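# Examination of the molecular architecture
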Amino acid sequence: MPIEKHPQPDLGTTDGVTLRRIFAFIVDSLLLGIVGLPFTVAATMVGDAVSLLLFGVYILFALVYALLLEDMVGYTPGKYLLGLVVVKSDGSNCTISASLLRNLAWLIDSLPTLNLVAIVSIYVTDADQRVGDIIADTVVVRQR
């Protein structure tokens, strides 16, 4: 599957993407963990102020990772590998503001632990949306 900018969404495929979303989340988490490893190692070797700065840079990178990728191409590497794309509920491309809303809502979705709110929300909503998707009016669907 060639990498393409904003692949065509298959809007009728929100059902059955939950496991793909979970695996995509794991892939993206592993990638972010690999990127974060040098920050963690460096933070153990410097003072508190520099450690805090390194942590801030890493958090900013992690947020920008999702925001820019979902806005620029419609998916993160994990979603791409699993054939998923993030779009607005009307099928239009995900915007930076929608991506910002859906990613900031991870603060809610990840509560109390292990993304329990997100998983419950995905299973009880008609379009398999987590809280962040509902707030941002987005859906995660299969690519055509």
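This structure is a prediction, so every number in the text was calculated from the model and none was measured. Counting of residues starts from 1 at the beginning of each chain's written sequence and follows it residue by residue. Only residues with pLDDT of 70 or above have their local features reported here, since the model is predicted, and side-chain atom pairs are shown and tallied only from 80 upward, although totals for entire chains, interfaces and linings are computed over all residues. With hydrogens and water set aside, each side-chain value is computed from the structure's full complement of heavy atoms.

### Observations concerning the side chain of Thr-14
Short version of the rule: By definition, any uninterrupted DSSP run of H or I lasting at least four residues is a helix, any uninterrupted run of E lasting at least two residues is a strand, and each is numbered from the N terminus. Burial classification: accessible surface area is computed with a 1.4 Å probe over protein chains only, and a residue below 20% of its type maximum counts as buried, one above 50% as exposed, and the rest as partly exposed. Any two residues whose heavy atoms approach within 4.5 Å are treated as being in contact.
Relative to the helices and strands, Thr-14 resides in the loop between strand E1 (9-10) and helix H1 (18-43). Exposure remark for Thr-14: the relative accessible area of 10% places this residue in the buried category. In this structure Thr-14 touches Asp-126, Ala-127, Asp-128, Val-139, Val-140 and Val-141, once residues within four positions along its chain are discounted.

### Topic: the sheet that holds E1
Keep this limit in mind: When DSSP finds two or more bridges between a pair of strands, those strands are recorded as paired.
The strand order E1-E3-E2 describes an open sheet built from three strands, whose pairing is antiparallel. Two strands close off the open sheet at either side, each with one partner strand: E1 and strand E2 (84-88).

### A word on the packing of aromatic side chains
The description of an aromatic ring pair rests on the distance of the ring centres and on the angle between the ring planes. Heads up, the rule is: Each Phe, Tyr or Trp ring (for Trp, its six-membered ring) is paired with any other whose centre lies within 6.5 Å, and the angle between the two planes then decides the class: stacked below 30 degrees, edge-to-face above 60, tilted in between.
Counted according to the given criterion, the structure contains four aromatic pairs. Ring geometry for Phe-25 and Trp-106: centres 5.3 Å apart, planes at 35°, overall tilted. Residue Phe-25 is found in helix H1, and its partner Trp-106 is found in helix H5 (residues 106-109); the two are separated by 81 residues along the sequence. According to the relative accessible area criterion, Trp-106 is partly exposed, its value standing at 24%. Judged by centre distance (5.8 Å) and plane angle (45°), the rings of Phe-39 and Tyr-58 are tilted. Remark: Tyr-58 occurs in helix H2 (residues 48-72) and Phe-39 occurs in helix H1; sequence separation between them is 19 residues.

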